[in-house]
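Understanding the architecture of this molecule
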Amino acid sequence: MLKEKIALHLAGPTPIPPQVAAAMTMPMINHRSDTFSVLCKEVASKLEALFRTQEQVYVLASSGSSGWETAMVNFVPAAVKVLNVIIGDFGERWSKANAELGYEVENLRYASGTAAKAADIATILEKNQGSIKAVCFQHNETSTGVSNPVKEIAAEAAKYGALSLVDGVSSVGALPLHMDEWGIDVAFTGSQKTLMCPPGLMIIAASKRAWAQADEAHTPKFYFNLQEYRKNYDKGQTPQTPAISLYYGLQAALQMLENEGWDKVQERHHLMGEMSRAGIKATGLKLLCQEEEFASDTLTAVIVPDEVKAATFLKTAKDSFGVIYAAGQGKELKERIFRIGHMGYMTPNDVLVALAAVENSLAAVGYDIQPGKAVAAAQEVWLRDIRQH
Ligand SMILES: *Cc1c(COP(=O)(O)O)cnc(C)c1O
């Protein structure tokens, strides 16, 4: 095996295009210069298109998780009651963060593999009669491969006077998320999943409604204070030293997505999602997500058959077939599933490789499987899509 040639199908970080890698080798520049301002403004305007918003979109030098804290401390008053909707491990983490930040947290939990229901959220908001100030949830729960009905949840939150705060770290750009049209109050993502960049940036936007409440938030904050970003936005500046190389990378990545077409990017992800699911089903393996309507188009979580040890399967896939999948995340799912990432710098061809290696690896560890079915089913889906367009 040529060990350096690996197909990285994690749920992030995801592969980066050569154009992005090359852009990041640009020489350092003065971040208080016109050169940086031009770069900063161009990135911002593409991000506005990506988020489907007329509002400002800020780029911070921190990983995706910082979006939880940034959304809370800027827009939600200290110590108030908030609702965390939890359909997997990232939901658990945000809830924990909110408790640590001193909020009074109510949790609404669903079984792994299930999406949240807007009606359940409405019931809780109704019962609390306006005391819940924010509804926090994932657009796409990366630990289970399930997407939530964001539009419906945001509508319920608005109805009861709560802000809708959306963790879109594994969705923004790849799955439909219309920030303004759907009335989403805060949405954020990270650089290393759908955006084809290395880890290190958190990107966040907020609605007019959220901003109108920001002054009353009075929550202690410093590094994540978005007011500072807001003041500098029109100048194309950031309050602290920006991650200049990552900015160059992000500019190159956004340019590629814009060239493809923002809608086409989502269509590509939908096709890859359908191919992955059809392929897995054709092998007889089970998806963790039971509701096709809410299946994630950026990653697929697959239940490991009883006869197979997850760790052995993952090691075989990597060492013998050159494919890296993500293991299960969180105590309950660690040994129970593996996840195939298909987001960012990925095409349907990559999905065929990922599926072939699933079959090969299962066969290699002695599981009773006839290789070829998954790939054939995925090819069918791709061909059908080509004929329709
Ligand atoms: C990856 C991920 C995060 C965490 O992002 P980091 O960059 O690892 O901090 C948060 N939420 C979701 C939905 C994710 O997929």
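Fair warning: this is a prediction, and the values are worked out from it, not measured in the lab.

A closer look at helix 4 (residues 89–100)
For helix 4, with 12 residues, the first-to-last C-alpha span of 17 Å sits near the 16 Å given by 1.5 Å per residue. Buried residues of helix 4: Asp89, Phe90, Gly91, Trp94, Ser95 and Asn98, and no others. Once helix 4 finishes, Gly102 follows within two positions and takes phi at roughly 95°, a positive value.

Some details on the side chain of Ser171
Residue position: Ser171 is located in the loop between strand 8 (163–167) and strand 9 (186–190). Polar side-chain contacts of Ser171 include one of 2.8 Å to the side chain of His139.

A look at the site of the ligand
In the neighbourhood of the ligand, 13 residues make up the surrounding shell, with Ser63, Ser65, Thr142, Asp167 and Lys193 lying closest. Here Gly64 contributes a backbone N or O atom positioned 2.8 Å from an oxygen atom of the ligand. Ser65 places a polar side-chain atom, nitrogen or oxygen, 2.5 Å from an oxygen atom of the ligand. Of the residues that constitute the shell around the ligand, the class distribution is three nonpolar, eight polar and two charged.

Some thoughts on the nonpolar core
Core analysis: the largest hydrophobic core is formed by 89 residues, its most contacted members being Val135, Leu165 and Leu250. Shared between two domains, this core holds at least three residues of each, these being domain 1 (7–13 + 261–388) and domain 2 (19–259). Apart from the residues lying within four places of it in its own chain, the contact partners of Val135 are Leu83, Val85, Ile121, Leu125, Ile153, Ala157, Ala162, Leu163, Ser164 and Leu165. By size, the runner-up hydrophobic cluster in this structure holds 31 residues, among which are Val302, Phe313, Phe338 and Val381.

Regarding the domain arrangement of the chain
In terms of domain boundaries, the chain breaks down into domain 1 (7–13 + 261–388) and domain 2 (19–259). If you look at the interface, domain 1 gives 30 residues, while domain 2 gives 35 residues. Across the domain 1 to domain 2 interface the summed buried area is about 2,600 Å²; carbon plus sulfur atoms make up 58%. The largest share of the area that domain 1 buries against domain 2 comes from Trp262, Gln266 and Gln329, three residues that together contribute 29% of it. The interface formed by domain 1 and domain 2 holds two salt bridges in total. Between Lys117 and Glu291 there is a salt bridge, and its shortest N-O distance comes to 3.9 Å. Our enumeration of links across domain 1 and domain 2 arrives at 14 residue pairs in polar contact (both at pLDDT 80 or more).

Side note on the pairing of strand 11 (residues 299–303)
Counting buried positions along strand 11 yields four of five residues, so the element is predominantly enclosed. Bridge count between strand 11 and strand 13 (residues 337–341): five bridges; the pairing is antiparallel. Across the sheet, Leu299 pairs through a bridge with Gly341, a residue of strand 13.

Side note on the sheet that holds strand 4 (residues 104–109)
Within a beta sheet, neighbouring strands are joined by backbone hydrogen bonds and run either parallel or antiparallel to one another. With mixed pairing, the seven strands of this open sheet are ordered in space as 2-10-9-8-5-3-4. Pairing within the sheet leaves two strands with one partner each, and these edge strands are strand 2 (57–60) and strand 4. The average angle at which neighbouring strand axes cross in this sheet is 20°, direction not considered.

What about the environment of Ala310?
Note that Ala310 resides in helix 11 (residues 310–321). The exposure class of Ala310 is buried, given its relative accessible area of 6%. Counting along the chain gives 248 residues from Ala310 to Ser62, while the straight-line C-alpha distance between them is 32 Å. Residue contacts for Ala310: discarding those within four places in its chain leaves Val304 and Glu335.

Some points on the sheet that holds strand 13
Sheet architecture is open: four strands sit in the order 1-12-13-11, paired in mixed fashion. The open sheet has two free edges, formed respectively by strand 1 (7–9) and strand 11, since each of these has just one partner strand. Shown here is a sheet whose adjacent strand axes are inclined to one another by a mean of 30°, direction ignored. Bridge analysis of strand 12 (residues 323–327) against strand 13 gives two bridges, and the strand direction is antiparallel. The residue bridging Ala326 from the neighbouring strand is Arg339, located in strand 13. Contacts between helix 12 (residues 348–364) and the sheet are confined to strand 1, strand 12 and strand 13, with strand 12 contributing the most and set at about 80° to the helix.

Cut-offs applied
- Residues numbered from 1 in each chain as written.
- Predicted model: local features only at pLDDT ≥ 70, side-chain atom pairs only at ≥ 80, totals over all residues.
- Heavy atoms only, no water.
- Helix = DSSP H or I, 4+ residues; strand = E, 2+ residues; numbered from the N terminus.
- Expected span 1.5 Å × (residues − 1).
- Buried < 20%, exposed > 50% of the residue type's maximum accessible area, 1.4 Å probe, protein only.
- Polar contact = N/O pair within 3.5 Å; in protein donor to acceptor, adjacent residues only side chain to side chain.
- Near = heavy atom within 4 Å.
- Nonpolar A, V, L, I, M, F, W, Y, C, P; charged D, E, K, R; others polar.
- Core = buried A, V, L, I, M, F, W, Y, C linked by side-chain atoms within 4.5 Å.
- Domains from an automatic or database assignment.
- Contact = heavy atoms within 4.5 Å.
- Buried area = accessible area lost by both parts, 1.4 Å probe.
- Salt bridge = Lys/Arg side-chain N within 4 Å of Asp/Glu carboxyl O.
- Pairing = 2+ DSSP bridges.
- Axes fitted to C-alpha atoms, helices over the stretch in contact; angles between N-to-C directions.

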